[in-house]
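What follows is each chain in one-letter form.
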Amino acid sequence: MDTLTFLLSGTLLAATPLLIAALGELVVEKAGVLNLSIEGMMALGAAVGFIVVSNTESYWLAIFIGGLVASALSVVFAAVVLLTLGNQVATGIAVGILGLGLSALIGQPYESMTVAPMARLPIPLLSELPIVGRGLFDHVAVVYLAPLLAVAVWFMLMKTKLGLIVRAVGESPESAHAIGYNVNAIRFAAILFGGFMAGVAGAFISVASTTLWANGLIAGRGWIVVALVVFATWRSGRIVIGAYLFGAATIGELLVQSFGLAIPSQLLTSVPFIATIIAIVLLSMDGRSIRLNAPVSLGRVYHVTQ
Amino acid sequence: MRNQELDIRPSPQNAGAEAPLLELVGVTKAFPAVLANDNVSLKIAPGEIHAILGENGAGKSTLVKTIYGVLAPDAGEIRWRGEAVEIRNPAHARALGIGMVFQHFSLFETLTVAENISLATPKTAAKLVPSITEIGERFGLPVDPHALVHSLSVGERQRVEIIRCLLQDPRLIIMDEPTSVLPPSGIPALFETIRRLADQGRAVLFISHKLEEIRALCHKATIMRGGKVVTEAVDPTQETNESLARLMIGRDIPHPRRAAATPADAAAMEVRDLTYVPADPFGTTLSDVSLALRPGEIVGIAGVSGNGQKELAAILSGETLLPPRQQDRIVINGRSCGAADSGKRRDLGFAFVPEERHGRGAVPEMNLKKNVILTAHSFGLANRGFIKRPAARAFAKQCIDQMDVHCSGWDAEARSLSGGNLQKFIVGREIRLGPKILLAAQPTWGVDVGAAAAIRQHLVDLRDNGVAILIISDELEELLEIADRLHVIFRGHLSPSIDRVDADSALIGDFMTGGFLPGQPNGEAVPS
């Protein structure tokens, strides 16, 4: 495998779970809820997915069940945030820690085990292209599905009535309630969707990317996802760009090594996080874009009054 | 069309001839502390513009909420098209054909007009565009369906609300204080729209406390006081402002007692050749503004809203600071204050009643006691940085008693007070600070007749005690009533002072469109 192929396929593999989880978080935040438990939900999805593959060898089932279990965890978050009006930041962090703990617990018997990688689905003709063919078009199906999912989420949010309602709830839950929408029901659905996507992303990492389970597998990727949504100023297109940029940054370490440069690996490992901070600072300067796309009620507790 | 525009007085020819569209019989609604509606009866015919007139707290809002299905009456009957109905919720009210335009809009700023409207209907935004345009043309409500709501003026937003209401084809439209959010220039267009609605046989329930408007627009008026109907179905065109006001507040309108002003010679506050370009690109630049305010006089600043009043108030109050080299532009009691913040200005005896009650005049989420501490902390309410709670409580209680503020007590949250009551409280708080200079921006905006008269009387009394008072107001009548002299602000320019005796509406009207500026053709007084 030549260097370019390795880099391209590494970038796509690293970017795909970020993209999937970020699209889920985008919908949640657009509905006005800040869910900071992504890291824990991804970890739980990863552990569950790995266990399912180890026992059934069905990868699609593993990804699906991983999503389902993570969305079950998001029910806890939703209940605290929507019904008991808990603070979203504190609740998100607590549920995230719960998710990490649960993943360590159920993953304990599988620690350091590996599974066979998910079967790849090379795209005919395209994967035969010179130079980039193998790197871009010889992957598991989920890698191709992720950008399509981004288009679907964009279409849902910006072009459908459902998306309009979600955005309306995120901007002004009071007004949405006044017109007759059930704010909590819409937010609940959004949180479930976000949880499912985080679980899918986590399962993808354990069964299709690393193909091994180890406690701490997610390693901060959940937080990059949260940053990615802000970095993208809540726009699906920018989330796609951001996810692949971060994917490339993650693989940067390997790139530098392949050129034999003597840069400390700790520095390189921190590149995605430094990139996150810089990106957020730069993008925060575009006030108009943020004003138009940021969900105004984000993170604010909404109490239904009659 | 021409005829309708010229027809200032409504023609009540249809009114009452047909069976009533809506009839209330003996509707009663009690809250824990207050009987909000006491045996209220009301009839509205199709095509009728019916006013409900009353002061704050007279029970107008409760009545409207009952009709719109938000509140259920304790007793009494609602008849819709002759049949007794129980209106369960707003959706049910809309299904029956009752629509409502709220005083506070429920629009989403980041969505387009069409998207906003589509949220209230089953249709998609794209399909609604033609109907929005069509309704806009038919009723004189021009608005771009593709515009984002945050870019619209208040008047345009109200049009969106009205269109949203009309798309449901209501037979009865309730409008809650619709003119309170509009500049004076926007009101004729709204009235034209309401008349067109009535011409189509739709009934309009017009909630207001502005007597002029009701006399100009409405066929009938129901007057409420203290939860009861005082007079059912008077013809407002046959009444005068005085007679309507007497019915509404139960006594004659109190006019402030005022003697001629005896101002001192030395100015308490001065603005000298101030030119200021605001940071906000949509703000108004102030050009060469000079102003002297002497102890013992009330100076008014008139003008169409948006001609620099906000910028001027922010500069005078210290919310906007001038650069240090312009320190001398503003002088308070002989001290240069251009770059001094509002705390320093307050230390010099300056007090301020801002236009916005929520967020500037008071913190809505805090109770009245805490709101008192915000500006009165240095008046014995704090000891070495620690709050003296009994003193703060006493201060708040005194404000409540002195200004006759209706609230549940000093521990009531500011947001729980009606606009008029909160304003009385804020004015009372500032007066109790014993200021030497008082700036009041729109002191009686949205305040009912009785409370407004009380506030004006307090201001006149304060003047007689030697306080220098500056009032910025959109309401010319208010200024003519209490100001000793007037300036007019137009596009950031301040007119020469007009003495009270010389102030007639012709001269002021001319000044309001820039007539005082040399070489200024009389243009529109619409802010750019």
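Residue numbers run consecutively from 1 along every chain, following the written order of its sequence. To read the labels, note that chains go from A and ligands from 1, taken in the order they are written. For a predicted model such as this one, the threshold for reporting local features is a pLDDT of at least 70, and the threshold for listing and counting side-chain atom pairs is 80 or more; totals across whole chains, interfaces and linings nevertheless cover every residue. As a rule here, side-chain values come from all non-hydrogen atoms in the structure, and water together with hydrogens is ignored.

(A) Here's a closer look at the overall build of chain B. Per the secondary structure count, chain B includes 17 helices and 23 strands. Here the globule rule reads 2.2 Å times residues to the power 0.38, and the radius of gyration is calculated from C-alpha atoms. The globule rule puts the C-alpha radius of gyration for 528 residues at 24 Å, and the 24 Å found for chain B is close to it. Only protein chains enter the accessibility calculation, which uses a 1.4 Å probe; a residue is then buried when its area is under 20% of its type maximum, exposed when over 50%, and partly exposed in between. Burial analysis of chain B (528 residues in total) assigns 53% to the buried set. Within chain B, residue pairs in contact and separated by at least 24 positions form 66% of the contacts whose partners lie at least 6 positions apart. For chain B, the accessible surface area stands at approximately 22,700 Å², while carbon and sulfur atoms represent 51% of it. Charge counting treats Lys and Arg as positive and Asp and Glu as negative, with His and both chain ends excluded. To locate a charge, the coordinates of NZ of Lys, CZ of Arg, CG of Asp or CD of Glu are taken. When the 57 basic and 63 acidic side-chain charges of chain B are each reduced to a single mean position, those positions are 6 Å apart. Strands here are runs of E lasting at least two residues and helices are runs of H or I lasting at least four, both read from the DSSP assignment and numbered beginning at the N terminus. Should any heavy atoms of two residues lie within 4.5 Å, those residues are counted as being in contact. Only the protein chains shown count as covering a residue, and every accessible area follows the Shrake-Rupley method with a 1.4 Å probe.

(B) Structural context of the sheet that holds strand β15 (residues 335–336) of chain B. All names here are of chain B. Strands qualify as paired when DSSP identifies two bridges or more between them. In spatial order, the strands read β12-β11-β14-β15; together these four strands make up an open sheet with antiparallel pairing. Unpaired on one side and paired on the other, β12 (286–293) and β15 mark the two borders of the sheet. Pairing geometry for strand β11 (residues 269–276) and strand β14 (residues 330–332), over three bridges, is antiparallel. Looking at the pairing, Val271 lines up with Ile330 of β14. Across the sheet, helix α10 (residues 309–317) lies against β11, β12 and β14, angled at about 125° from β11, the strand it touches most. Only the stretch in contact is used when fitting a helix axis, every axis being a line fitted to C-alpha atoms; angles between N-to-C directions are given from 0 to 180 degrees.

(C) Examining the interface of chain A and chain B more closely. Taken residue by residue, the interface counts 15 residues in chain A and 17 residues in chain B. Summed over both partners, the accessible area lost on bringing two parts together, with a 1.4 Å probe, is the buried area. In total, chain A and chain B occlude about 1,500 Å² of area from one another, counting both sides; carbon and sulfur atoms represent 58% of this. Considering only the surface of chain A that becomes buried against chain B, Lys161, Glu171 and Ile179 of chain A emerge as the three largest contributors, covering 37% of it. Arg167 of chain A serves as the salt-bridge partner of Glu115 of chain B, at 3.4 Å between the closest nitrogen and oxygen. Nitrogen and oxygen atoms within 3.5 Å of one another constitute a polar contact, given that in protein one can donate a hydrogen and the other can accept it, and given that sequence-neighbouring residues count only through two side-chain atoms. Inspection of the chain A/chain B interface yields eight residue pairs in polar contact (both at pLDDT 80 or more). For the side of chain A that touches chain B, the secondary-structure elements that each account for two or more residues are α7 (161–171), α8 (173–179) and α14 (287–293) of chain A. Among the elements that make up the side of chain A that touches chain B, the one with the highest residue count is α7 of chain A (six residues). By definition, a salt bridge exists where a carboxyl oxygen of Asp or Glu is found within 4 Å of a side-chain nitrogen of Lys or Arg.

(D) Layout of the environment of Glu212 of chain B. Residues and elements named next belong to chain B. You can see Glu212 is positioned in helix α8 (residues 211–217). Residue class for Glu212 comes out partly exposed when judged on its relative accessible area of 46%. Separated by 29 residues in the primary sequence, Glu212 and Asn241 place their C-alpha atoms 6.7 Å from one another. At 2.9 Å, the side chain of Glu212 and the side chain of Asn241 are in polar contact.

(E) Region of the structure containing the packing of aromatic side chains. All names here are of chain B. Classification of ring pairs uses Phe, Tyr and Trp, with its six-membered ring standing for Trp, and accepts pairs whose centres are within 6.5 Å; under 30 degrees between planes counts as stacked, over 60 as edge-to-face, and the remaining range as tilted. Evaluation of the coordinates by the stated rule reveals seven aromatic pairs over all chains. Ring centres of Tyr68 and Phe102 lie 5.9 Å apart, and the angle between their planes is 75°; this geometry places the pair in the edge-to-face category. Here Tyr68 is found in the loop between α2 (60–67) and β4 (75–80), whereas its partner Phe102 is found in the loop between β6 (98–101) and α4 (113–119), with 34 residues between them in sequence. For Phe102, a relative accessible area of 32% gives the class partly exposed.

(F) Structural view of empty space enclosed by the protein. Residues are said to line a cavity or pocket when one of their atoms sits within 4 Å of a point; the points come from a 1 Å grid over protein atoms alone, cavities being sets where a 1.4 Å probe fits but cannot get out and pockets being open sets with protein on both sides within 12 Å along at least five of seven lines. Grid points are joined across faces, edges and corners, and a volume is the space filled by probe spheres set on the points. Overall, the coordinates contain four cavities of 30 Å³ or more when judged by the stated rule. Considered as a void within the structure, the largest cavity measures approximately 160 Å³ in volume. In terms of lining, the largest cavity is formed by 13 residues, of which the most central are Tyr68, Arg94, Met100, Phe102 and Arg164 of chain B. Every element with two or more residues in the lining of the largest cavity is listed here: α8 of chain A together with β6 and α6 (154–166) of chain B.

(G) Summary view of the packing of helix α2 (residues 38–56) of chain A against helix α9 (residues 183–209) of chain A. Residue and element names in this part refer to chain A. Taken N-terminus to C-terminus, the directions of α2 and α9 make an angle of 50°; their axes are 6 Å apart at the nearest point. It follows that α2 is oblique to α9 by the angle criterion. For the crossing formed where α2 meets α9, the hand is right-handed. Residues Ile38, Met41, Met42, Gly45, Ala46, Gly49, Phe50 and Val53 of α2 form the contact with α9, whose own contacting residues are Gly195, Ala198, Gly199, Ala201, Gly202, Ala203, Ile205, Ser206 and Val207. Each residue receives one of three labels: charged for Asp, Glu, Lys and Arg, nonpolar for Ala, Val, Leu, Ile, Met, Phe, Trp, Tyr, Cys and Pro, and polar for the others, Gly being one of them. Here the residues of the contact of α2 with α9 are counted per class, giving eleven nonpolar, six polar and no charged. Orientation labels follow simple angle bins: below 35 degrees gives roughly parallel, above 145 gives roughly antiparallel, 65 to 115 gives roughly perpendicular, and whatever is left gives oblique. By convention the crossing between two helices is left-handed if the near helix lies anticlockwise of the far one by an angle smaller than a right angle, and right-handed if it lies clockwise.

(H) Structural context of helix α3 (residues 59–83) of chain A. All names here are of chain A. For α3, built from 25 residues, the straight-helix expectation of 36 Å at 1.5 Å per residue is met to within 8% by its first-to-last C-alpha distance of 35 Å. Put simply, Ser58 is the residue that caps the front of α3, since its side-chain oxygen is 3.4 Å from the backbone nitrogen of Leu61. Two residues or fewer after α3 comes Leu85, characterised by a positive phi angle close to 55°. The span you would expect from a helix comes to 1.5 Å times its residue count less one.

(I) Seen up close, the sheet that holds strand β9 (residues 220–225) of chain B. Residues and elements named next belong to chain B. As summarised here, the arrangement of the six strands in space is β6-β7-β8-β3-β9-β10, forming an open sheet in which the pairing is mixed. The open sheet terminates on both sides in strands that have one partner only, identified here as β6 and β10 (228–234). Each adjacent strand pair in this sheet contributes to an overall mean axis angle of 15°, direction not counted. Two strands pair when backbone bridges link them, and strand β7 (residues 172–176) and strand β8 (residues 203–208) are joined in this way by five bridges, in the parallel orientation. Its bridge partner lying in β8, Met175 is registered against Phe206. Packing against the sheet, helix α7 (residues 187–199) makes contact with β3 (49–53), β7 and β8, and its axis sits at approximately 145° to β8. Lying over the sheet, helix α9 (residues 241–249) contacts β3, β9 and β10, oriented at roughly 40° with respect to β9.

(J) Representation of the nonpolar core in the model. The nonpolar core is taken to be a set of buried Ala, Val, Leu, Ile, Met, Phe, Trp, Tyr and Cys residues, with the residues joined through side-chain atoms within 4.5 Å. Counting residues in each nonpolar core, the largest one holds 91 residues, and the members touching the most others are Met42 and Ile239 of chain A together with Leu119 of chain B. Take this core: its biggest share by element is 13 residues, from α9 of chain A. One finds Val353, Ile431, Ala452 and Leu486 of chain B within the second-largest nonpolar core, a separate group that totals 52 residues.

(K) Quick peek at the packing of helix α1 (residues 3–30) of chain A against helix α6 (residues 141–159) of chain A. Residues and elements named next belong to chain A. Interhelical geometry of α1 versus α6 gives an angle of 20° and a closest axis separation of 9 Å. One way to sum up the angle between α1 and α6 is to call them roughly parallel. The two elements α1 and α6 meet at a crossing, and its hand is left-handed. Contacts between α1 and α6 involve Leu12, Leu13, Thr16, Leu19, Ile20, Leu23, Leu26, Val27 and Lys30 on the former and, on the latter, Val142, Val143, Ala146, Pro147, Leu149, Ala150, Val153, Met156 and Leu157.

(L) Here's a closer look at the confidence of the model for chain B. Residues and elements named next belong to chain B. Per residue, pLDDT measures the predictor's confidence, with a range of 0 to 100. Overall, the predicted model of chain B reaches an average pLDDT of 86, with 93% of residues at or above 70. Long-range and interchain partners of residues 1–16, a stretch whose pLDDT sits below 50, account for 27 contacts in this model, where long-range means more than four residues apart. Across residues 522–528, confidence stays below pLDDT 50; counting only partners more than four residues off in sequence or on other chains, it has 16 contacts. Confidence metrics for the complex model read pTM 0.73 and ipTM 0.80.

(M) Just the domain arrangement of chain B, in detail. Domain start and stop positions are those given by an automatic or database domain assignment. Domains assigned within chain B are domain 1 (2–97 + 170–249), domain 2 (255–349 + 435–528) and domain 3 (358–422). Taken over C-alpha atoms, the centre of domain 1 of chain B sits 35 Å from the centre of domain 3 of chain B.

(N) Geometry of the pairing of strand β21 (residues 485–490) of chain B. Residue and element names in this part refer to chain B. Among the six residues of β21, six are classified as buried, and the element is accordingly described as predominantly covered. The alternating pattern of β21 places Arg485, His487 and Ile489 and Leu486, Val488 and Phe490 on opposite faces, both of which are buried. As judged from the four bridges shared by strand β13 (residues 298–302) and β21, these two strands associate in the parallel manner. Bridging from a neighbouring strand, Gly300 pairs with Leu486 of β21. As defined by bridge partners, β21 adjoins strand β22 (residues 493–494) across two bridges and the pair is classed as antiparallel. Paired with Ile489 across the strands is Leu494, a residue of β22. Linkage of β21 to β22, two consecutive antiparallel strands, is achieved through a turn of two residues, within which Arg491 is found at a positive phi near 45°.

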